[in-house]
Amino acid sequence: MKLTERTRPVAAVVGVIGALYLVDVLVLPHLLHISANASGHWESPFPQTILGLVTGMTYGLLGVGLVLIYRTNRIINFAHGNIGAFAAALFPLAVHTLHIPYWIALPPVLLIAGVAGAGAEAIVVRRLRRAPLVMSVVATLGVGQFLALLGLVINPKAGAAITFPKPAGMPTFHLGALYITESYFAMFFLCPAVAIAVALFLRYSRYGIALRCAASNPEAARMAGIFAGRMSSLAWGIAGMMAALTAILVAPTGSFNQIDAFGPSLLLKALVCAVVARMSSIPLALVAGVVLGAVESLVSYNYPNAGVVEAVIFAVIVGALLLQRQRVGRGEEKGSWAAVQAIAPIPVRLRQLWAVRALGPATALIVLAVLALLPAVMSNSNSVKMTAIFGYVVVGFSAGIVTGLAGQLSLGQFGIAAIGGVVSYQVVYRTGSYVEGFVYAGLAAAAVSVVLGLPALRSRGLLLTVTTLAFALLVPDWLIQQRWVLGPRGVDPGRPIVFGHALDTGRAYYYVGLLVLVVAMLLSRNVWSGGTGRLLVAVRDNEDAARAFTIRATVVKLQGFALAGFIAGVGGAMYAHSLALVSNTAYPTTVSIQIMEMVVIGGLSILSGPILGAIVIFGVSFTHLDSFGLAATALGQLLIIMYFPGGMAQWVAPVRDRIVKALGRRAGVDVEAAYLTESGSGAAEAEQDFHVEGEHPAALRPARVRRGGGPVLEASGLVKSFGGVRAVRGVSFQVQRGETLGLIGPNGAGKTTTFELLAGFTRVDAGTVRYHGKDVTQLGPEARAKQGLIRSFQDAALFPTMTVLECVQLSLERRHPTRLFTAIAGFRGQERNKEKLARELVHHMGLDRYRSAQIQTLSTGTRRITEIACLVGLEPEVLLLDEPASGVAQRETEALGALLLQLKADLGLTLVVIEHDIPLIMEISDRIVCMAEGEVIATGAPEIVRSDPRVVESYLGGSLTAIERSGTVAPEPGQKPRRPKKPHVLAGSTP
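Criteria and thresholds
- Residues numbered from 1 in each chain as written.
- Predicted model: local features only at pLDDT ≥ 70, side-chain atom pairs only at ≥ 80, totals over all residues.
- Heavy atoms only, no water.
- Phe/Tyr/Trp six-rings, centres within 6.5 Å; stacked < 30°, edge-to-face > 60°.
- Buried < 20%, exposed > 50% of the residue type's maximum accessible area, 1.4 Å probe, protein only.
- Helix = DSSP H or I, 4+ residues; strand = E, 2+ residues; numbered from the N terminus.
- Lys NZ or Arg CZ within 6 Å of the ring centre and 35° of its normal.
- Pairing = 2+ DSSP bridges.
- Axes fitted to C-alpha atoms, helices over the stretch in contact; angles between N-to-C directions.
- Contact = heavy atoms within 4.5 Å.
- Core = buried A, V, L, I, M, F, W, Y, C linked by side-chain atoms within 4.5 Å.
- Salt bridge = Lys/Arg side-chain N within 4 Å of Asp/Glu carboxyl O.
- Expected span 1.5 Å × (residues − 1).
- pLDDT = per-residue confidence, 0-100.

**A closer look at the packing of aromatic side chains**
Here's step 1: In total, this model carries 20 aromatic pairs according to the counting rule given.
Here's step 2: Consider the rings of Tyr 102 and Trp 103, whose centres lie 4.9 Å apart with planes at 70°: the pair is edge-to-face.
Here's step 3: Judged by relative accessible area, Trp 103 falls into the partly exposed class, the value being 34%.
Here's step 4: Each ring, one from Tyr 392 and one from Tyr 575, has its centre 5.7 Å from the other, and the planes form 40°; the classification is tilted. Here the residue Tyr 392 occupies a position in helix H16 (residues 380–405), and Tyr 575 occupies one in helix H23 (residues 553–577), the gap between them amounting to 183 residues. Note on accessibility: Tyr 392 and Tyr 575 belong to one class, buried.
Here's step 5: Three or more aromatic residues link up through ring pairs in this structure, and these residues are Tyr 392, Phe 414, Tyr 575, Tyr 587 and Phe 618.
Here's step 6: Sitting above the plane of the Tyr 509 ring, Arg 495 keeps its charged end 5.0 Å from the centroid.
Here's step 7: Taking the ring centre of Phe 793 as reference, the NZ or CZ of Arg 791 above it sits at 4.2 Å.

Below, the structure is given as structure tokens:
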């Protein structure tokens, strides 16, 4: 039977219940083979199962709130559990202190939680809407931390289960050996009732329908008069009330003995429900919670050892992510990383000054000297604290690579560091060599980091955050306590002996920590400033464009995860040996979260961000603050994230610029002119004639022509559907070597989808693509680009946070790929050669004045020229151009045709061009293919296709005049339009 929208939730419920039975009877008894209960075999008592089902309803309800928020904002609200904790702190005051009856006090407390949730969205998340999604997620961490501390300030005893109010009027009874309390009975009825009420509200109410519309298509909702922002706040408010109800019902059961434990522990269970529901299905999230509760209850009954439940949850999360269908999004965050770029590049003219080049190393040496002298004025205990902070900063460098460069949010870097600590102890225990211990620690952590990153490769969202948070909870709660790891009591990790002197004091070991910090920073610097960092940034900024530039995005991400894991492992090893005892308490989950906050507050866009952030995050360890002081500190950190998305680097940038300008003036440089011209300032107002300088540079050479007959590119019977929409229907055409094929048609004709199929970005449903006679249908875009089949994109967005010179350097990866180990080792020969070639190409294309300008600052015309320079650097054989005149003014469009023809002749290119500017496409094309409604309706010479009645009819109701460019004289039938005599104004212009 075919599933419909109405029957799909029912089928999901039946399927999950069946899965629960199979897990209970077949899977768990074998997965957890060594039983810890008295009978020695797996048991499934009915009362225990019922208890799990009831508790699971609260998990499902919390998961429903996460799904609701994710559907409206596409972020994971990590303050969700702490919003409930805040309500749970207020509720006992209302009932016990103010003597308000339970059921009368419940609605206003829920309303307060709803206001807190809506306020978090309106005040915090909405302010960061132009920033990367990871910033919003980190901001929710800050909101959650502040609310948890504020709850402790208001009611320090809120987590006491014995005194927490229980639902009044609810019956209590025994179910076998199980005692059903008032809270469990309330859970059984209230959780499903609330979930059903929310589902009915979303489906049938006016506001619910508006909320769903805003979540599905915000732009269309705005056009329909729906305020998407208000709907988003409504979703957060509803989710906040559900979180509050969950916390208030769970608190009396004693499941969480501290009110702040509602954060990561309870949230993780809700995340399991949301992930199983693919962050979209409310009924499935609720059912998943019920199943999870039953599994948790049975596992806890049979295996009461700590951490087993967390291990099962981690396995469920990873399995659910890997088994789900791969989800990709086209440019979800394209350009958003520009919002956190706090420091603009220094103009080349100033970077050539010795004093400016020495500014960074000199600052580092001064800081290093100060750190080296600190033990002389610090106590031994403070030296131990500083060494621990060094370890946090080293792990922060790894988080900077994962998030600042790769754009992935990891909340488990300190858990990965724990792997390094464990491996280092085991190696040192067996070999006595601390150097080997640190190296193996880095390698083991790198392997774990790659494994954790695998689910993130299947989605461009934030799901790496889920797996890493689960891992951060798993490590201290289960892994470290295993006897084959460190055991429940922990171990003495030992200290190095240098020249016969044991570094057994805080002051002595401090210098080991400082040495590891310096080495980690140098290694990270090589990543940030070399080709590896450029590849990571390219994939982060615009993954599709990076793939079109022959960059294997998956490999680059895995390399980033491995490098970050290695650094975290070394930092974790150094930290472990600084302790007198290494146990599960040495690597708490909260530190993983603090490290991520440290990196963001310091600045995601700079290498030294973790150092700056550590001053704010861990500087409080040298003070003695009460709960109120900690809450105030958390609020201050949240304000930094909200108002300074670039972090403390935004405070450092003006100081650096003033020093650089002063050094430039002292050297006689016209500083204002250097910043105005070389950094691209004023690019939007400037206009200049495009010109080609001198002979072709070494980076510019004609494509190697492959011998042999037949077409160079051939599409045969291409078919592609998206749901019920058939975008491409049996498209076939051939492209001969050296010709320019124009692809025209109205919007929605299927032209761009055809390009996607030709370039490999979209898989065909039927048909084949042949390149030089070879079937490349199953190859991805990177492999096709490696062979010379290169495509451009309509928006010419390129890589917003990279400079013009860096973009051109990136385009040279096809012929001069970055070697990972030479790059991270700091060998700069290959980079200097690549930079030289890029400078020649930038000069040849007339882009010298913009070479230090970030792409985000350029006008459309200048970006087009930069894109063409990059395409030339890629040395294509066949170039697929998607609306190259899009967003370019008429004057530049007239010059563009001559420029493309010149490059085609110079480089021996074959061009396939999509273009709506009819005069331009008729001018440059040797042959035209016209599409309409996914099909080819005409093929032939430009003058023939242009006059075809079907072609004219497909544009604006048959008006030939309407498709002509303003001011263009239409040629007589049988004549081709006249070509401009020379390229004209293009670079630096605005439409």
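**What about the pairing of strand E14 (residues 935–940)?**
Here's step 1: As paired elements, strand E13 (residues 927–932) and E14 share five bridges and run antiparallel to each other. Of the residues in E14, the one forming a bridge with Cys 930 is Ala 938.

**So, the sheet that holds strand E10 (residues 789–791)**
Where strands meet in a sheet, backbone hydrogen bonds hold them as pairs that are either parallel or antiparallel.
Here's step 1: Ordered in space as E10-E11-E12-E7-E13-E14, the six strands form an open sheet in which the pairing is mixed. If you trace the sheet from one side to the other, it starts and ends with E10 and E14, each paired once. Direction aside, neighbouring strands of the sheet carry axes that sit 15° apart on average.
Here's step 2: Sheet analysis places strand E11 (residues 878–882) next to strand E12 (residues 910–914), joined by five bridges and oriented parallel. Bridge pairing in E12 places Leu 881 opposite Val 913.
Here's step 3: Lying on the sheet, helix H29 (residues 751–759) is in contact with strand E7 (740–744), E10, E11, E12 and E13; it crosses E11 at an angle near 150°.

**Some remarks on the sheet that holds strand E5 (residues 713–722)**
Here's step 1: Read from one edge to the other, the open sheet built from four strands follows the order E6-E5-E8-E9, with strand pairing classed as antiparallel. The open sheet has two free edges, formed respectively by strand E6 (725–735) and strand E9 (774–775), since each of these has just one partner strand.

**What to know about the nonpolar core**
Here's step 1: If you look at the biggest cluster of nonpolar residues, it comprises 304 residues, and the most contacted ones within it are Leu 713 and Phe 799.
Here's step 2: With 14 residues, helix H9 (residues 228–250) is the single largest residue contributor to this core.
Here's step 3: Once residues within four sequence positions are removed from consideration, Phe 799 is found in contact with Ala 538, Asp 541, Asn 542, Ala 545, Ala 546, Phe 549, Cys 807, Leu 810 and Ile 855.
Here's step 4: Ile 346, Leu 350, Leu 353 and Val 669 belong to the second-largest nonpolar core, a separate cluster that totals nine residues.

**Some points on the pattern of salt bridges**
Here's step 1: Applying the stated criterion across every chain yields a total of 19 salt bridges.
Here's step 2: Among the salt bridges present, the one from Arg 791 reaches Glu 756, with a minimum N-O distance of 2.3 Å. Of this pair, Arg 791 sits in strand E10 while Glu 756 sits in helix H29, and the two are 35 residues apart along the sequence.
Here's step 3: Two residues, Arg 815 and Glu 875, come together in a salt bridge whose shortest N-O distance is 3.2 Å. Taken together, the residues Arg 815 in the loop between helix H31 (804–811) and helix H32 (820–824) and Glu 875 in the loop between helix H34 (860–873) and E11 connect sequence positions 60 residues apart.
Here's step 4: Here Glu 875 falls in the buried class, since its relative accessible area comes to 9%.

**Topic: helix H10 (residues 264–276)**
Here's step 1: Relative to the 18 Å expected for 13 residues at 1.5 Å per residue, H10 spans 18 Å between its end C-alpha atoms, a close match to the ideal helical length.
Here's step 2: Taken across its 13 residues, H10 has ten buried, putting it largely inside the fold.
Here's step 3: In the core, the buried residues of H10 are packed alongside helix H2 (46–73), helix H3 (80–97), H9, helix H11 (282–302), helix H12 (308–323) and helix H19 (463–479).
Here's step 4: Phi for Arg 278, located one or two positions after H10, is positive at around 55°.

**Overview of the confidence of the model for the protein chain**
Here's step 1: The pLDDT averaged across the protein chain works out to 83; a share of 85% of its residues lies at or above 70.
Here's step 2: Below a pLDDT of 50 lies the segment residues 1–10, which in the model reaches four contacts outside its immediate sequence neighbourhood of four places, other chains included.
Here's step 3: Note that residues 681–692 has pLDDT below 50 and, in this model, 36 contacts with residues that lie over four places away or in other chains.

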